[in-house]
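Listed here are the chains, written in short residue letters.
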Amino acid sequence: MAERLRKIIDAACAREKAQLVLKNCKIVCVFTGEIFEGDIAIEDGVIAGIGSYEGIDEIDFQGMYAAPGLIDSHVHIESSMLTPSGFATAVVPCGTTAVIADPHEIANVCGAEGVRYMLEDGKNAPLDIYIMAPSCVPATSFEDSGAVLGSRELLEIAGYENILGLGEVMDFPAVTCADEEMLRKLELFKCKVIDGHSPGLSGSALNAYIAAGVRTDHECSSADEMKERLRLGMYVHIREGSAARNLGVLIKGVNPGNISRCTFCTDDKHPHELLGEGHIDSIMRKAVATGFNAVDAIRMATINAAQCYGLKNAGAIAPGFKADIVAFADLKDFRAHMVFKEGRLVAKAGKALFEARSSIDESIKGRMNVADFSEADIQIGLESEHVKVIRVIPNSLITETAVRDIELEEGCFKFTGESGILKLAVLERHKGSGMIGLGLVENFGLKNAAIGSTVAHDSHNLIVIGDSDKDIMAAAKELIRCEGGITVFSAGRVLKTLPLPVAGLMSDRGIHEVAADLAEMLRICREHGVAEGMDPFMTLSFLSLPVIPELKLTARGLFDVSRFEFTSVED
């Protein structure tokens with residue numbers, strides 16, 4: 001250790017040539033807001049000095065801007081449908097060198113084994129993947145997940161390498177009601193960062209939530225929510241992902257007085273959008289397009305996130321900091337020309353200079369334990385023709401409760417093409433319990449087809465929607481056969497399947513292959529009635545999450561989120 005430090009000091013003093021020098025840089029200083037010219041000397045992955053230097057190897061920046069590596073302050077890697085190392089090949093070329101990940105998707109399927117997998121697979125790529133221990137597995141007591149992470153299990157996870165704190169505490173009522181088990185979880189991480197998730201929480205309840213130790217929130221959707229949280233000492237992660245986009249509203253509330261408490265995050269980012277839009281760089285582009293200062297955007301994407309999570313020597317270009325550096329030709333487009341991770345060139349011109357090396361451990365493979373079922377098990381027996389229907393709202397995770405008249409055949413729901421009402425089934429897939437929840441959906445648009453998926457937030461049971469019992473059955477059987485994934489069926493024939501063998505959530509293939517398969521499946525769905533602008537796979541995946549209003553379906557049955565209780569299909 002002393003010898004390494006001596007080499008860094010010798011390089012800083014220019015007594016010895018540094019291993020690498022980046023010449024003729026316009027250096028973005030996140031501490032002072034300045035941009036100044038100079039060379040960056042790098043020794044053993046660390047910035048040794050800034051000024052005029054010579055190196056054993058030199059790279060001429062030719063006046064390009066040198067900014068710190070970008071940091072995503074809150075992301076669920078599983079939403080990319082890529083393994084951590086596969087995810088790295090997508091985001092590192094965009095300039096991202098670190099992410100704060102909450103693996104509660106895979107934890108709901110595999111528990112602590114899933115968390116370990118995310119950490120181990122992430123070591124195969126030049127991306128710092130820090131983990132927040134999932135706080136709410138399962139998300140509610142009304143679901144059936146593959147694992148439960150209580151305070152006892154979290155105690156084990158807290159000891160893993162690169163665990164920064166407790167993941168988003170979605171169960172804020174348990175906090176404000178001082179639930180004993182929740183208090184044990186909070187106490188366990190009281191000396192680390194505790195992430196929040198508190199949409200709509202305000203006043204004394206918000207005070208109690210923060211007093212309990214919660215320090216961040218990525219769920220602000222209005223300037224008032226953001227202001228209240230900042231005034232009470234929280235960090236606010238401004239989110240711009242695939243499912244939720246809050247930048248346009250919130251960036252207007254960032255000012256010189258509060259900017260140090262604001263960061264950027266994606267939360268959930270799907271593969272085709274990572275390829276088409278980018279990652280944190282895309283949020284910076286959008287911010288600057290509104291007139292926001294470019295250096296301030298860089299601060300929010302770097303040093304602010306590092307300081308929020310206590311990342312020592314990260315988020316800045318300065319002596320002693322990690323040599324995580326991005327070269328930008330300009331500070332409007334923010335296209336990363338070169339990306340360095342600890343002094344090593346790892347991406348250039350939008351291309352990764354490394355390969356993902358994912359492996360699928362048997363402990364997290366598939367996880368498809370579905371009990372045998374027949375077509376009779378997915379019949380919705382009814383006494384009345386007046387029923388509750390889940391009404392899909394385009395481009396929203398929120399649904400509405402609608403009451404409709406339907407037709408019966410031998411006492412069961414009958415499909416009629418004119419009504420546009422589809423059948424939805426959720427099959428418990430973790431413990432082979434045989435539970436199947438059944439409901440009806442309108443405004444989804446699907447015709448003469450069925451879509452099935454094992455990505456079904458947050459418990460990730462098997463979910464299928466369609467207008468034919470035979471196609472619904474076939475889609476479910478196909479997902480069992482391929483050990484999890486997404487599939488589209490029509491007339492008893494599989495049209496396309498995307499296998500997701502890692503816990504039924506992620507592929508071990510590359511982003512271009514996964515994105516191409518999803519694009520093909522989306523085209524097929526469009527041909528079968530799904531409207532332009534609606535993502536059928538994302539919409540389907542959230543129809544089973546009983547914490548987002550108004551009506552959802554779990555393996556236990558139809559759930560009224562507004563009343564927080566199960567309800568019957570019959571009105």
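Note that residues are indexed from 1 along each chain, following the sequence as it is written. This being a predicted model, a pLDDT of at least 70 is required before a residue's local features are given, and a value of 80 or more before pairs of side-chain atoms are given or counted; all residues contribute to the totals for chains, interfaces and linings. The basis for every side-chain value is the complete set of heavy atoms in the structure, and neither hydrogens nor water enter the calculation.

- Going by the annotation in an unreviewed UniProt entry, the name recorded for the protein chain is Adenine deaminase, with Peptoclostridium acidaminophilum DSM 3953 given as the source organism.
- In the Sequence similarities (unreviewed entry) part of its UniProt record, the protein chain is described as follows: "Belongs to the metallo-dependent hydrolases superfamily. Adenine deaminase family." UniProt positions are given in the numbering used here, feature names are shortened, and annotations may be inferred rather than shown by experiment.

**Some thoughts on the pairing of strand 18 (residues 386-392)**
So, step 1. Of all seven residues in strand 18, five are buried; the element is thus mostly enclosed.
So, step 2. When DSSP locates at least two bridges between a pair of strands, those strands are taken to pair. The numbering of helices and of strands both runs from the N terminus, where a helix is a DSSP run of H or I of at least 4 residues and a strand a run of E of at least 2. Of the pairings in the sheet, the one linking strand 18 to strand 19 (residues 399-405) comprises seven bridges and is antiparallel in character. Bridged to Arg-391 within strand 19 is Glu-400. With a 1.4 Å probe rolled over the protein chains alone, any residue whose accessible area is under 20% of its type maximum counts as buried; one over 50% counts as exposed, and the rest are partly exposed.

**Comments concerning the UniProt feature "domain: Amidohydrolase-related" (unreviewed entry) in the protein chain**
So, step 1. The UniProt feature table records "domain: Amidohydrolase-related" (unreviewed entry) at residues 66-346.
So, step 2. Helix makes up 35% of residues 66-346 and strand 20%, whereas the separation of the span's terminal C-alpha atoms amounts to 15 Å.

**Describing the nonpolar core**
So, step 1. The criterion is simple. A nonpolar core is a set of buried Ala, Val, Leu, Ile, Met, Phe, Trp, Tyr and Cys residues joined through side-chain atoms within 4.5 Å. Phe-264 and Phe-444 are the most contacted members of the largest nonpolar core, which totals 154 residues.
So, step 2. In what follows, residue pairs with any heavy atoms lying within 4.5 Å of each other are defined as contacts. Phe-444 has contacts with Val-392, Leu-422, Ile-451, Ile-465, Val-530, Met-534, Pro-536, Thr-539 and Leu-540, leaving out every residue within four places of it along the chain.
So, step 3. Counting 16 residues, the second largest nonpolar core, distinct from the first, contains Leu-22, Cys-25, Ile-47 and Ile-317.

**Considerations on the packing of aromatic side chains**
So, step 1. Whether two aromatic rings pair depends on their centres lying within 6.5 Å, for rings of Phe, Tyr and Trp, where Trp uses its six-membered ring; planes under 30 degrees apart make the pair stacked, over 60 edge-to-face, and the rest tilted. Considering all chains together, one arrives at ten aromatic pairs under this definition.
So, step 2. Both rings, one in Phe-172 and one in Tyr-209, keep their centres 6.4 Å apart while their planes meet at 85 degrees; by these two values the pair is edge-to-face. Of this pair, Phe-172 sits in helix 6 (residues 172-176) while Tyr-209 is found in helix 8 (residues 203-211), placing the two residues 37 residues apart along the sequence.
So, step 3. Taking relative accessible area as the criterion, Tyr-209 reaches 0% and is therefore assigned buried.
So, step 4. On the basis of an interplanar angle of 85 degrees and a centroid distance of 5.3 Å, the ring pair of Phe-328 and Phe-334 is categorised as edge-to-face.
So, step 5. What makes Phe-328 buried here is its relative accessible area of 0%.
So, step 6. Take Phe-334: its relative accessible area is 0%, and that puts it in the buried class.
So, step 7. Every member of this aromatic cluster is reached through a ring pair, and the members are Phe-142, Phe-559, Phe-564 and Phe-566.
So, step 8. The cationic tip of Arg-261 hangs over the ring face of Tyr-235; the distance from NZ or CZ to the ring centre is 4.0 Å. Charge over a ring is defined by NZ of Lys or CZ of Arg lying within 6 Å of the ring centre and within 35 degrees of the ring normal.

**Details of a negative patch on the surface**
So, step 1. Like charges are joined within 9 Å and nonpolar side chains (Val, Leu, Ile, Met, Phe, Trp, Tyr) within 5 Å, but only among residues with over 30% relative accessible area and no salt bridge; these make up the patches. Residue burial considers only the protein chains on display, and all accessible areas are found by Shrake-Rupley using a 1.4 Å probe. Salt bridges are counted wherever a side-chain nitrogen of Lys or Arg sits within 4 Å of a carboxyl oxygen of Asp or Glu. Residues counted as positive are Lys and Arg, residues counted as negative are Asp and Glu, and His and the chain ends are not counted. To locate a charge, take NZ of a lysine, CZ of an arginine, CG of an aspartate or CD of a glutamate. On the surface, a cluster of negative charge is contributed by Glu-54, Asp-57, Glu-58 and Asp-60.
So, step 2. The residue Glu-54 is located in the loop between strand 3 (46-51) and strand 4 (55-60) in this model.
So, step 3. Residue Glu-54 is classed as exposed on the basis of its relative accessible area of 53%.

**Quick look at the packing of helix 12 (residues 280-289) against helix 13 (residues 294-301)**
So, step 1. It is the contact of helix 12 with helix 13, at a shortest axis distance of 9 Å, that shows an interaxial angle of 150 degrees. Regarding the angle of helix 12 to helix 13, the classification is roughly antiparallel. Note on packing geometry: the crossing formed by helix 12 with helix 13 is right-handed. Across the interface between the two elements, Ile-280, Met-284 and Val-288 from helix 12 touch Ala-294, Ala-297, Ile-298 and Ala-301 from helix 13.
So, step 2. Across the contact of helix 12 with helix 13, the residue classes break down as seven nonpolar, no polar and no charged. Each axis is a line fitted through C-alpha atoms, taken for helices only over the stretch in contact, and angles between the N-to-C directions span 0 to 180 degrees. Each angle receives one of four descriptions, namely roughly parallel if under 35 degrees, roughly antiparallel if over 145, roughly perpendicular if within 65 to 115, and oblique otherwise. Should the near helix be turned counterclockwise from the far one by less than a right angle, the crossing is left-handed, whereas a clockwise turn marks it as right-handed. Any residue that is not Ala, Val, Leu, Ile, Met, Phe, Trp, Tyr, Cys, Pro, Asp, Glu, Lys or Arg is counted as polar, Gly included; the first ten are nonpolar and the last four charged.

**So, the sheet that holds strand 7 (residues 96-101)**
So, step 1. Taken in spatial order, the eight strands make up an open sheet running 6-7-8-9-10-11-12-13, and their pairing is parallel. Each edge of the sheet is formed by a strand with only one pairing partner; in this case those strands are strand 6 (70-75) and strand 13 (262-265).
So, step 2. Pairing of strand 8 (residues 128-133) with strand 9 (residues 163-169), which is carried by three bridges, proceeds in the parallel orientation. Along strand 9, the bridge assignment pairs Ile-131 with Ile-163.

**A short note on the UniProt feature "domain: Adenine deaminase C-terminal" (unreviewed entry) in the protein chain**
So, step 1. As recorded in UniProt, the sites labelled "domain: Adenine deaminase C-terminal" (unreviewed entry) are residues 397-565.
So, step 2. The span residues 397-565 carries 22% helix and 34% strand; its end-to-end C-alpha distance comes to 19 Å.

**Some points on the pattern of salt bridges**
So, step 1. Applying the stated rule across the entire model yields 42 salt bridges.
So, step 2. For Asp-267, the salt bridge goes to Arg-239, with nearest N and O atoms at 2.8 Å. Note that Asp-267 is positioned in the loop between strand 13 and helix 11 (271-276) and Arg-239 in strand 12 (residues 235-239), a separation of 28 residues in sequence. Both residues of the pair, Asp-267 and Arg-239, count as buried.
So, step 3. Here Asp-517 makes a salt bridge to Lys-496, at a shortest N to O gap of 3.4 Å. With Asp-517 in helix 16 (residues 511-527) and Lys-496 in strand 27 (residues 493-499), this pair connects stretches of sequence that are 21 residues apart.
So, step 4. Ionic contacts of the salt-bridge type, sharing partners, join the residues Glu-240, Arg-245, Lys-269, Glu-273, Glu-277 and Lys-286 into one network.

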